[in-house]
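This is what each chain is made of:
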Amino acid sequence: MSCVMMSKAKPYLLMIGLQFGMAGNYIFGKDILNHGMNRFVFIVYRNAMAAAALSPLAFIFERKSRPKMTLAIFLRIMVLGFLEPVFNQSFNYLGMKYTSASFTSAIMNAVPSITFLLALLTRMEHVKLKEVRSQAKVIGTLVTFGGAVLMGIYKGPGFNLFHSRTQQHHGGGGDPSSSHNHHQIAGALYIFMGCVALSSFYILQSITLKKYPAELSLATLICLAGTGQATVVALVAEHHSQAWALGWDYRLYAPLYTGLVSSAIAYYVQGMVMKMRGPVFTTAFNPLCMIIVAALGSLFLGERLYLGSIIGSIIITMGLYLVVWGKAKDHREETINLKSLPITGCSWIGWYPQIRGNYIFGKDVLNHGMSRFVFIFYRNAMATLVLAPFALIIERKRRPKMTLPVFLQIMILGLLEPVLNQSFAYLGMKYTSASFTSAITNAAPSITFVLAVLTGLERVKIRDVRSQAKVIGTLVTFGGAVAMALYKGPGFNIFHSAAATTQNNGDAGLASHKHQTVGALYILIGCVALSSFYILQSITVAKYRAELSLATWICMAGTLQTTIVALVAERHSGSKPWAIGWDMRLFAPLYTGVVSSGIAYYIQGLVMKMRGPVFTTAFNPLCMVIVAALGSFFLRERVYLGSIIGSIIITLGLYSVVWGKAKDHKHEEADEDTNKSLPITTTAAANDDSSTTNKPSS
């Protein structure tokens, strides 16, 4: 039953997580256009970086399963490379230049309906007009198209979503507030052309995957094809060599992020989900991306929302979900082969860039004076409110009975992560920086390993190389954390841009050496609490096999306990610290609660059942790199030499532990295969011996 539930939940989780990553595509794309980078050059770098990131993974993981390349598949890959990397991205960024990031993401909600029409033409979808589900898909397609047309021709009054300090308008970005109505119509037309190209891409990708069932390799080849074709277009469109220059600013980070997340991870995740549910389902989660982009665009780009965009978005969303409802009715009649839906550790890598926005929003809201206890309360309360309906509906038939031991474990889990870890992590972050905190948190896997050994979840045989690797890696990781705490060194800005100016409020560049040491100590205490949380969660999830319900209970327990802590800590401050508004005081706890608490607890529970608590913490260095870049870009944080050296040491130690853990996993799989290949048990053998002994001789 657990395997069935995980298999059913996997496509939904992957697509929801992908929308958080895809939102950054619009934000960074709009920002880089505002700063004058040529969109064709940007597309070249984006796809080149995606290909460079994917190719090693494709070579390693699919070297034995990769099909042979044929001329027909090669031609399809070249067409795929033209449709999305060249055609769709070019027209999207061109339309975004005339409008805004939120407007572009809203128009992109027309993709599912266009995909449905193309699926009809290619006979991937079937319509029987007498059936309600077919009527819903047809009506939904027409409604979606009408919403997109309305957004293109009607603008209406505008307003700011978040009334924060960032509400300033870029003069060179083609913001809707300063563009004429015909600019919006032209922008909408360009974006709509991109939608047609993207829908065609989804259809052809779905067809190609059936004949070339190697998602990583196909995604890599698409990026390579897109890079080659985009290079030709860029060389024709841009003759000046200065336009190709990169630096330690948005010109590097924007294509790096969009290449890794919006191209590499997106192609791979979309390919996996298409094999499970088809191309129409894959496009069904776009409205979530639209909401995220609207919030981020208002916060970071100073974009205004317009009444026409809101009305059009609502109409498009209604039409979209009519299509999806009809598609869901179709899917209920189909038989799913669960054996073809493996859940691997690699499938969850796409979540880490999204989950770890926790550090950026947490540091920003602390810089602006919000009480960390109140912030933690709102974070866990919002996580509980979002998770509870899903847990109630999805797991209503398989939720185990609550027992006293499980209840006590849940209360301890609510104390360890929502209260202790978050409190000490945010306290340490207040004295240091978001990037420093994420780097120190890389010590969590090694601490988890030590606790796993003490609780018997991990076994160490000193004579085995894999055990030696785990022990040495643990010591090296601890040494790296100590080095970061004791040595600071010179500092510098990763991105030398206009945004890279030092803040006076909470920046690590102004923190004294004493503050850094104290901050590191607080963060390490939080790491111990977090590692203890992982150990206890892996034990609890084995007894209470309902991951969504368990995550909800943990958030609820954390909310109750943090309420008490916050009331005590802020007893002399009155009601002022509890006030929230349409700014970071609302968005930060909402984002961190839903993504970094609710969804994270659920995914951790799933992965722990497959690979254990040590593996669950193995991807933290990816978070460290992303946080360092985002912290420098948005929070003006400086990076120090001691942090870099300590981070490298911690990463080396961490992957020594992970290498040993991977060897353990292969050893366990080999033992399982051996046991499966030996069906004759001792009892059976004894019975055979007795039957042979009692058998009369001829």
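Our structure is the block above this text.
Model, not experiment: these values are computed from the prediction.

**Student:** How should the overall build of the protein be read in this particular structure?
**Tutor:** Looking only at helices and strands, the protein features 26 helices and four strands. For the protein, the proportion of its 698 residues judged to be buried stands at 57%. In the protein, the share of contacts with a sequence separation of at least 24, taken over all contacts with a separation of at least 6, comes to 90%. For the protein, the computed accessible surface area is about 30,100 Å², with 67% contributed by carbon and sulfur atoms.

**Student:** Help me understand the pattern of salt bridges, please; the structure alone is not making it clear to me.
**Tutor:** Pairing of side chains with opposite charge becomes possible as their charged atoms draw close. Taken as a whole and judged by the stated rule, the model has two salt bridges. Put simply, R398 and E395 hold a salt bridge, and the shortest N to O gap is 3.1 Å. Accessibility expressed as a relative area gives 14% for R398, which makes it buried. A salt bridge links R398 to E547, with the nearest nitrogen and oxygen atoms 4.0 Å apart. Of this pair, R398 sits in the loop between α15 (372–394) and α16 (404–431) while E547 is found in helix α21 (residues 547–569), placing the two residues 149 residues apart along the sequence. One exposure class covers both R398 and E547, and it is buried. Via salt bridges that share partners, E395, R398 and E547 belong to a single interconnected network.

**Student:** What is the right way to read a nonpolar patch on the surface from this model?
**Tutor:** Side chains of F145, V149, I153, Y154, I185, L307 and I311 sit close together on the surface and give an oily, nonpolar patch of about 570 Å² of accessible area. Secondary structure elements with two or more residues in the nonpolar patch: α6 (132–153) and α12 (307–332). Among the elements that line the nonpolar patch, the one with the most residues is α6, at three residues. For F145, the position within the fold is in helix α6. Look at F145 and you get partly exposed, because its relative accessible area is 46%.

**Student:** When you look at the packing of aromatic side chains in this model, what are you seeing that I'm missing?
**Tutor:** What the rule picks out here adds up to 14 aromatic pairs. Note on F91 and Y190: the rings are 6.1 Å apart at their centroids and 35 degrees apart in plane angle, and the pair reads as tilted. Of this pair, F91 sits in helix α3 (residues 71–98) while Y190 sits in helix α7 (residues 181–211), and the two are 99 residues apart along the sequence. We classify Y190 as partly exposed; its relative accessible area is 25%. Judged by centre distance (5.2 Å) and plane angle (55 degrees), the rings of F377 and Y378 are tilted. For the pair F377 and Y378, a shared accessibility class is recorded, and that class is buried.

**Student:** What's the story with the side chain of Q409 in this structure? I'm lost.
**Tutor:** By the element assignment, Q409 lies in helix α16. What Q409 contacts, discounting residues up to four positions off in sequence, is L536, T540 and K543.

**Student:** Could you clarify how one ought to interpret the packing of α16 against α21 in this entry?
**Tutor:** The relative placement of two packed helices is expressed as an angle between their axes plus a distance between the axes. Packing of α16 against α21 brings their axes to within 8 Å, and their N-to-C directions diverge by 65 degrees. Relative to α21, α16 is oriented roughly perpendicular. Considering the relative orientation of α16 and α21, their crossing is right-handed. Between α16 and α21, the residues in contact are I410, M411, L413, G414, L415, P418 and V419 and L550, W553, I554, A557, G558, Q561, T562 and V565, respectively. Looking at side-chain class alone, the contact of α16 with α21 contains 11 nonpolar, four polar and no charged residues.

**Student:** Can you walk me through the environment of T144 in this structure?
**Tutor:** Inspection of the secondary structure assignment puts T144 in helix α6. Given the relative accessible area of 0%, T144 is considered buried. For the pair formed by T144 and P112, sequence separation is 32 residues and the distance between their alpha carbons is 8.9 Å.

**Student:** Teacher, can you tell me more about the packing of α3 against helix α8 (residues 215–237) here?
**Tutor:** In contact at an axis separation of 8 Å, α3 and α8 are set at 65 degrees when each is read in the N-to-C sense. Comparing their axes, α8 and α3 come out roughly perpendicular. When the axes of α3 and α8 are compared, the crossing they make is right-handed. Residues I77, M78, L80, G81, F82, P85 and V86 of α3 lie in contact with α8, whose contacting residues are L218, L221, I222, A225, G226, Q229, A230 and V233.

**Student:** Hey, could you run me through helix α2 (residues 39–61) in this one?
**Tutor:** Residues spaced three or four apart along an α-helix point in a common direction, a consequence of the helix completing one turn every 3.6 residues. Over its 23 residues, α2 runs 33 Å from end to end, which matches the ideal 33 Å to within 8%, given 1.5 Å per residue. At L54, α2 shows its largest kink, close to 30 degrees, and the proline P56 lies no more than four residues downstream. Measuring from the backbone nitrogen of F40 back to the side-chain oxygen at the start of α2 gives 2.8 Å, which picks out N38 as the cap.

**Student:** In this structure, what is going on with the environment of T562? I would like to understand it.
**Tutor:** If you trace the backbone, T562 turns up in helix α21. C-alpha separation for the pair T562 and V374, spaced 188 residues apart in sequence, amounts to 8.0 Å. In contact with T562, not counting residues within four places along its chain, are I376, F377, P418 and V419. Reaching out from T562, the side chain makes a polar contact with the backbone oxygen of T559 at a distance of 3.0 Å.

**Student:** It is not clear to me how the environment of Y534 should be interpreted in this structure. Could you clarify?
**Tutor:** Here Y534 is to be found in helix α20 (residues 513–543). Along the primary structure Y534 and A452 are separated by 82 residues, whereas in three dimensions their C-alpha atoms are 9.4 Å apart.

Rules of the game
Residues numbered from 1 in each chain as written. Predicted model: local features only at pLDDT ≥ 70, side-chain atom pairs only at ≥ 80, totals over all residues. Heavy atoms only, no water. Helix = DSSP H or I, 4+ residues; strand = E, 2+ residues; numbered from the N terminus. Buried < 20%, exposed > 50% of the residue type's maximum accessible area, 1.4 Å probe, protein only. Contact = heavy atoms within 4.5 Å. Areas by Shrake-Rupley, 256 points an atom, 1.4 Å probe, with all protein chains shown as cover. Salt bridge = Lys/Arg side-chain N within 4 Å of Asp/Glu carboxyl O. Patch = residues over 30% accessible without salt bridge, like charges linked within 9 Å, V, L, I, M, F, W, Y side chains within 5 Å. Phe/Tyr/Trp six-rings, centres within 6.5 Å; stacked < 30°, edge-to-face > 60°. Axes fitted to C-alpha atoms, helices over the stretch in contact; angles between N-to-C directions. Parallel < 35°, antiparallel > 145°, perpendicular 65-115°, else oblique. Left-handed = near helix turned anticlockwise from the far one by under 90°. Nonpolar A, V, L, I, M, F, W, Y, C, P; charged D, E, K, R; others polar. Expected span 1.5 Å × (residues − 1). Bend = angle between axes of the 7 residues up to and from the residue. Polar contact = N/O pair within 3.5 Å; in protein donor to acceptor, adjacent residues only side chain to side chain.

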